[in-house]
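Survey of secondary and tertiary structure
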Protein chains: 2
Amino acid sequence: MKLEEAKLQFIQAWGKLGSEWGINRTMAQVHALLLITPESLTTEEIMESLSISRGNANMTLRDLMGWGLVEKQLKPGERKEYFYADKNTWNIARQVAKERRKRELDPVIKILDELSKVEGNSNDPAYKTFHKSVKDINKLAKNVDKTLETMLKAEESWFWGSVLKVFK
Amino acid sequence: MKLEEAKLQFIQAWGKLGSEWGINRTMAQVHALLLITPESLTTEEIMESLSISRGNANMTLRDLMGWGLVEKQLKPGERKEYFYADKNTWNIARQVAKERRKRELDPVIKILDELSKVEGNSNDPAYKTFHKSVKDINKLAKNVDKTLETMLKAEESWFWGSVLKVFK
DNA sequence: TTAAACTTTCAATAATTATTGAAAATAAAA
DNA sequence: TTTTATTTTCAATAATTATTGAAAGTTTAA
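Just so it is clear, the structure is predicted and the values come from calculations on it, not from any experiment. (Residues numbered from 1 in each chain as written. Chains lettered and ligands numbered in written order. Predicted model: local features only at pLDDT ≥ 70, side-chain atom pairs only at ≥ 80, totals over all residues. Heavy atoms only, no water.)

1. Description of the relation of the copies chain A and chain B
Just so we agree on the cut-off: Superposition of the copies used a least-squares fit over C-alpha atoms from residues whose pLDDT is at least 70 in both. The contact criterion used is simple: two residues touch if any of their non-hydrogen atoms lie within 4.5 Å.
Screw-axis analysis of chain A against chain B gives a translation of 0.0 Å along the axis, an RMSD of 0.0 Å, and a rotation angle of 180 degrees. Seen this way, the second copy is the image of the first under a two-fold rotation axis. Most of the interface of chain A is mirrored in chain B, where 100% of its interface residues are also at the interface.

Pasting the structure below:
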């Protein structure tokens, strides 16, 4: 396989995986493109490479910056903006974990905490089942939360070293 | 908050979380409904509870069985089918992990393995960057894969005991 | 058999989500 | 200033994904 073809396949695969996990396909593709590009790119170049409109490119790049995955670079003497993606995979994983935790896990834990407090008659099977499910899911969510918390602070080698040793 | 209201909120929250993670909202809601219901329910009852059509209920239930989260029960002497969800949260987490791994992670690893093999000129920055990114992501994906593999075999208390102790 | 009770399918439609493109806004240069 | 380069916004539109509902299929009972 030739490099150019491989690049396209990588961008496709990344886009597909993203969309299966609730991340906008274009966003995943732009990220993929920047990941395999040594230099930073302009909006124009990204539009061209992926055949997307200026509006789409602009919004997607802003989203990626909001996720902390891409940063803007200004070159002295140049007017246009360049975009660059951090290539450190561990940073990327951490950043994604951090954002999804904040955006999705934390709100759900808040609701589960509320729902855990709901009182009812413990002879009522409907209440018992509700309460048990909510409590158990809440506990699981909190364990995930704690683990992510630790992961966010950890160094990659230490993290995988520990995990894979424990689970060997 | 009253139990009935709490149930609705739970179903809503579960549906929202599901859709943010690429799982059909209705599927997550049907699952949530079955999770908090002590008995098994008929298609009719599910349609009614969630105000969805027969076709939608039918397909969603089949999907949930495909994910291994819901099972069909046949009651002696009765013609209609009843649906029941496993209430064990750890089983649910494992089952979801197992399916997503099979459906999404494994195919991606396969592609990354292919792309890792692509050869090129190591003086070419485009090639170097491509190769490094693919290799690093591949490694990360494989670590996740191994960890899931272990999780699938593990008992809940042992798993969290180990993880939270290591990361304390 | 035939009918009744139920389940499945799937084309049509609706709802949601993503994308475009052109106008408005901004910022530097002339 | 005014012009030019660039970015941003957002209503309109397109693409995708989910849902309906009624017809066809299946299974058991009469």
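And the narrative resumes.
2. Digging into the packing of helix α2 (residues 25–35) of chain B against helix α4 (residues 54–66) of chain B
Between two packed helices, the angle of one axis relative to the other and the distance separating the axes together describe the packing. Residues and elements named next belong to chain B. As a reminder of what qualifies: For every element, the axis is a line fit to its C-alpha atoms; helices are fit only across the contacting stretch, and the angle between N-to-C directions ranges from 0 to 180 degrees. Under the DSSP-based scheme used, a helix requires at least four consecutive residues in state H or I and a strand at least two consecutive residues in state E, with every element numbered from the N terminus. The cut-offs work like this: below 35 degrees is roughly parallel, past 145 is roughly antiparallel, 65 to 115 is roughly perpendicular, and the gaps in between are oblique. By the convention adopted, Pro, Cys, Tyr, Trp, Phe, Met, Ile, Leu, Val and Ala count as nonpolar, Lys, Arg, Asp and Glu as charged, and the other residues, Gly among them, as polar.
Look at α2 against α4: their axes get within 9 Å of each other, and the N-to-C directions meet at 75 degrees. With respect to α4, the axis of α2 lies roughly perpendicular. Touching T26, M27, V30, H31 and L34 of α2 are N56, T60, L61, D63 and L64, all from α4. Here the contact of α2 with α4 is composed, by residue class, of five nonpolar, four polar and one charged.

3. Observations concerning the interface of chain A and chain B
Just so we agree on the cut-off: Put simply, buried area is how much 1.4 Å-probe accessible surface two parts lose in total, over both of them, once they are put together. Salt bridges, as used here, are contacts in which a Lys or Arg side-chain nitrogen is within 4 Å of a carboxyl oxygen on Asp or Glu.
Opposite the 53 residues of chain A that make contact, chain B presents 54 residues. Of the roughly 4900 Å² buried where chain A meets chain B, counting both sides, 77% is carbon and sulfur surface. Remark: the boundary between chain A and chain B carries zero salt bridges. Counting only elements with at least two residues in the side of chain A that touches chain B, the list comes to α1 (3–20), α5 (89–117), α6 (125–153) and α7 (156–166) of chain A.

4. Examining the protein's contact with DNA strand C
Definition in use: We call a residue near a given molecule or strand whenever any one of its heavy atoms falls within 4 Å of it. Pairs of N or O atoms within 3.5 Å make up the polar contacts considered here, provided that, within protein, one atom can donate a hydrogen while the other can accept it, and that residues adjacent in sequence are counted only when both atoms are side-chain atoms.
Of all residues adjacent to DNA strand C, which total 16 residues, the nearest are A:T26, A:S53, B:N58, B:R62 and B:E81. Of all atoms in DNA strand C that approach within 4 Å of the protein, 59% are sugar or phosphate atoms. Contact distances for DNA strand C include 2.7 Å between a phosphate oxygen and a backbone N or O atom of A:S53. The contact in question runs from a phosphate oxygen of DNA strand C to an N or O atom on the side chain of A:N56, over 3.2 Å. Per element, the largest residue contribution to the surface near DNA strand C is five residues, and it comes from α4(B). A breakdown of the residues in the surface near DNA strand C according to their chemical character gives two nonpolar, eight polar and six charged.

5. Re the packing of aromatic side chains
Our working definition: Working definition: rings of Phe, Tyr and Trp (its six-membered ring) pair if their centres are within 6.5 Å, and the pair is stacked with planes under 30 degrees apart, edge-to-face with planes over 60 apart, and tilted otherwise. A 1.4 Å probe rolled over the protein chains alone gives each residue an accessible area, and that area as a share of the maximum for its type sets the label: buried under 20%, exposed over 50%, partly exposed in between. Working rule: Lys NZ or Arg CZ, within 6 Å of ring centre, within 35 degrees of ring normal, means a charge sits over the ring.
Under the counting rule described, the total for this entry stands at eleven aromatic pairs over all chains. Centre to centre, the rings of A:F130 and B:F10 are 6.2 Å apart; their planes meet at 80 degrees, and the pair counts as edge-to-face. You can see A:F130 sitting in helix α6 and its partner B:F10 sitting in helix α1 (residues 3–20), one on each of two chains. Its relative accessible area of 1% is what places B:F10 among the buried residues. Connected via pairs of aromatic rings, a cluster forms that spans A:F10, A:W14 and B:F130. A cation over an aromatic ring shows up here: A:R100 above the ring of B:W21, its NZ or CZ 3.8 Å from the ring centre.

By themselves these figures say nothing about function.
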